[in-house]
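Overview (structure and organization)
So the chains spell out like this:
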Amino acid sequence: MKEIIKQLVEAYGPSGHEGQVRALIEGLIRDQVDEIRTDALGNLIAFRKGTGGGKRIMTASHMDEIGLIVTYVDKKGFLRCAPVGGVFPMTLVGSRVRFANGQVGVISTEKWLRSNDLPPWDELYVDVGATSADDVPVSVGDAAAFDRPFADLGKRLVAKAMDNRIGCAVNLQALLEMGESPNDVYFVFTTQEEVGLRGATVSAFGVEPDVGIALDVTGVGDTPEAHPMAVSLGDGPTIKVMDSSVIVPAAVRNWMMQTAQKAGIKYQVEVLERGGTDTAAVQRSRAGVPAGCISIPCRYIHTASEMVDYDDVQGAVRLLVELLKSQVTL
Ligand code: CO
Ligand code: ZN
């Protein structure tokens, strides 16, 4: 599974530009599904027909990652950019970004030697190595994502875009491993989560599920002097109770927790104080859908080096498979 994770995290896919990620996932699952299609917002919707007597379950893992978009090119060929999703200036100076055409750029700030303060957005720029504006191989409106290779540290894995390619990896691995189920399952790989759950909103409307399960990353409290949070890397995937966008109904989280207990899968209980997920969009679809979320604990979310634990990832796959095969009574 590490090879699939490497391919997924290294693919280019800022919000609205998920095509490379989608093509990669489609290639890996096409032979394993009954139907597969891409909707108007670019969501990849893969359907596995159940053996009957079950529910219609939708999974959702977003394919997009945070990034930058070019707003202006000056005479010397320096780019000014705006954030796509929740990008923190403190993570940017000295970082590299890559555009869809492969062009690499370096991010810096006007006054980086003079200040210990966080650079404001209007002082940040991207240098693509151009000698003038005529020499810039990208244009206003082009988007870039962090450029950073995958690193396998053994039990821990580091990469840009673990948020949320690791959720995509769990989603697609569960599809490959699940075998027979009474449930009709729609595996959805969504777009534009980082800018407001847009892909999940329309795909949930289209799929019209009885139950929704999102897969995403969550924060941890186990780093030096971290904000207290009862989630640690390596203690298992989490079952969400609440985040800024959703309160998971008790019936849904109990189903998830009981399923994990029965299967002997170690899990943690998650309350994420800041951050939302596709869970919210699925929950509020049409007249409302019972929806929950399995998260993969992740350090340094929304930086170019997001870290997860491989055992947590495998635990998330096992839990998702058990849920998808279960007789759902929600
Ligand atoms: Co995110
Ligand atoms: Zn995410």
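Rules used in this analysis
- Residues numbered from 1 in each chain as written.
- Chains lettered and ligands numbered in written order.
- Predicted model: local features only at pLDDT ≥ 70, side-chain atom pairs only at ≥ 80, totals over all residues.
- Heavy atoms only, no water.
- Donors = N, O, S within 2.8 Å, 3.2 Å for Na, K, Ca; no water.
- Tetrahedral: all angles 85-135°; square planar, octahedral: opposite > 155°, others 65-115°.
- Helix = DSSP H or I, 4+ residues; strand = E, 2+ residues; numbered from the N terminus.
- Buried < 20%, exposed > 50% of the residue type's maximum accessible area, 1.4 Å probe, protein only.
- Domains from an automatic or database assignment.
- Contact = heavy atoms within 4.5 Å.
- Buried area = accessible area lost by both parts, 1.4 Å probe.
- Salt bridge = Lys/Arg side-chain N within 4 Å of Asp/Glu carboxyl O.
- Polar contact = N/O pair within 3.5 Å; in protein donor to acceptor, adjacent residues only side chain to side chain.
- Nonpolar A, V, L, I, M, F, W, Y, C, P; charged D, E, K, R; others polar.
- Phe/Tyr/Trp six-rings, centres within 6.5 Å; stacked < 30°, edge-to-face > 60°.
- Lys NZ or Arg CZ within 6 Å of the ring centre and 35° of its normal.
- Pairing = 2+ DSSP bridges.
- Axes fitted to C-alpha atoms, helices over the stretch in contact; angles between N-to-C directions.
- Parallel < 35°, antiparallel > 145°, perpendicular 65-115°, else oblique.
- Left-handed = near helix turned anticlockwise from the far one by under 90°.

Moving on, we get to the coordination of the zinc ion (ligand 2). Donor atoms from the polypeptide that bind the zinc ion (ligand 2) are His62 (NE2), Asp163 (OD), Asp216 (OD) and Asp216 (OD), placed at 1.9 to 2.7 Å. Considering all four donor atoms around the zinc ion (ligand 2), angles at the metal cover 51 to 146 degrees and the coordination shape is irregular. Positions of the donor residues of the zinc ion (ligand 2), expressed as sequence spacing, correspond to H-x100-D-x52-D. Separating the zinc ion (ligand 2) and the cobalt ion (ligand 1) is a distance of 3.3 Å, and aspartate 163 donates to both of them. In this pair, histidine 62 is assigned in strand S3 (residues 56-62) and aspartate 163 in helix H3 (residues 162-177), connecting sequence segments 101 residues apart. Side by side, histidine 62 and aspartate 163 carry an identical accessibility label, which is buried.

Here the focus is the domain arrangement of the protein. Split into domains, the protein comes out as domain 1 (2-65 + 160-325) and domain 2 (67-146). Distance between the C-alpha centres of domain 1 and domain 2: 31 Å. Each partner contributes to the interface: domain 1 provides 14 residues, whereas domain 2 provides 13 residues. Taking both sides of the interface into account, the surface hidden between domain 1 and domain 2 amounts to around 1,100 Å²; carbon and sulfur atoms contribute 62%. Taken together, domain 1 and domain 2 are joined by zero salt bridges. Inspection of the domain 1/domain 2 interface yields three residue pairs in polar contact (both at pLDDT 80 or more). Across the side of domain 1 that touches domain 2, the residue classes break down as five nonpolar, five polar and four charged.

The next point concerns the packing of aromatic side chains. The final tally for this structure, using the stated rule, is two aromatic pairs. Ring centres 5.2 Å apart and planes at 70 degrees place the aromatic pair phenylalanine 78 and tyrosine 125 in the edge-to-face group. Placement of phenylalanine 78 in strand S5 (residues 78-84) and of tyrosine 125 in strand S8 (residues 124-127) is noted, with a sequence separation of 47 residues between them. Assessed through its relative accessible area of 26%, phenylalanine 78 is described here as partly exposed. Residue classification places tyrosine 125 among the buried positions, given a relative accessible area of 19%. The ring of tyrosine 310 has lysine 2 lying over it, and the distance from NZ or CZ to the ring centre is 4.9 Å. Against the face of phenylalanine 205 rests arginine 286, its NZ or CZ located 3.9 Å from the ring centre.

Ligation of the cobalt ion (ligand 1) by protein atoms is provided by Asp163 (OD), Glu194 (OE), Glu194 (OE) and His302 (NE2), these donors lying 1.8 to 2.6 Å from the ion. Around the cobalt ion (ligand 1) sit four donor atoms, and with donor-metal-donor angles ranging over 55 to 150 degrees the site reads as irregular. Sequence spacing of the donors to the cobalt ion (ligand 1): D-x30-E-x107-H.

The element strand S2 (residues 44-48) is extensively covered by neighbouring structure, given that five of its five residues are classed as buried. Neither face of S2 is open: one carries Leu44, Ala46 and Arg48, the other Ile45 and Phe47, and all of them are buried. With four bridges connecting them, strand S1 (residues 35-38) and S2 associate as antiparallel partners. Across the sheet, residue glutamate 35 finds its bridge partner in S2, namely phenylalanine 47.

The next thing to look at is the packing of H3 against helix H7 (residues 310-325). Contact geometry for H3 and H7: axes closest at 9 Å, N-to-C directions at 50 degrees. The angle between H3 and H7 places the two elements in the oblique class. Handedness of the H3/H7 crossing: right-handed. Here Ile166, Val170, Asn171, Gln173, Ala174 and Glu177 of H3 come into contact with H7, specifically with Val313, Ala316, Val317, Leu320 and Val321. Along the lines of polarity and charge, the residues of the contact of H3 with H7 split into eight nonpolar, two polar and one charged.

Here the focus is the packing of helix H1 (residues 2-10) against helix H2 (residues 19-29). The interhelical angle for the contact between H1 and H2, taken along N-to-C directions, is 155 degrees, at an axis separation of 9 Å. Taken together, the axes of H1 and H2 are roughly antiparallel relative to one another. Judged by the sense of rotation from one axis to the other, the crossing of H1 with H2 is right-handed. Of H2, the residues touching H1 (which contributes Ile4, Gln7 and Leu8) are Val21, Leu24, Ile25 and Leu28. Class assignment of the residues belonging to the contact of H1 with H2 gives a composition of six nonpolar, one polar and no charged.

Let us now look at the sheet that holds strand S10 (residues 151-152). A sheet is described by the order of its strands in space; here three strands give the open sequence S10-S11-S18, paired in antiparallel fashion. Only two strands of the sheet have a single partner each, and these edge strands are S10 and strand S18 (306-309). Pairing analysis gives two bridges linking S10 to strand S11 (residues 156-159), with the strands arranged antiparallel. Counterpart to alanine 151 in the pairing with S11 is valine 158. Across the sheet, H7 is in contact with S11 and S18; its angle to S18 comes to roughly 65 degrees.

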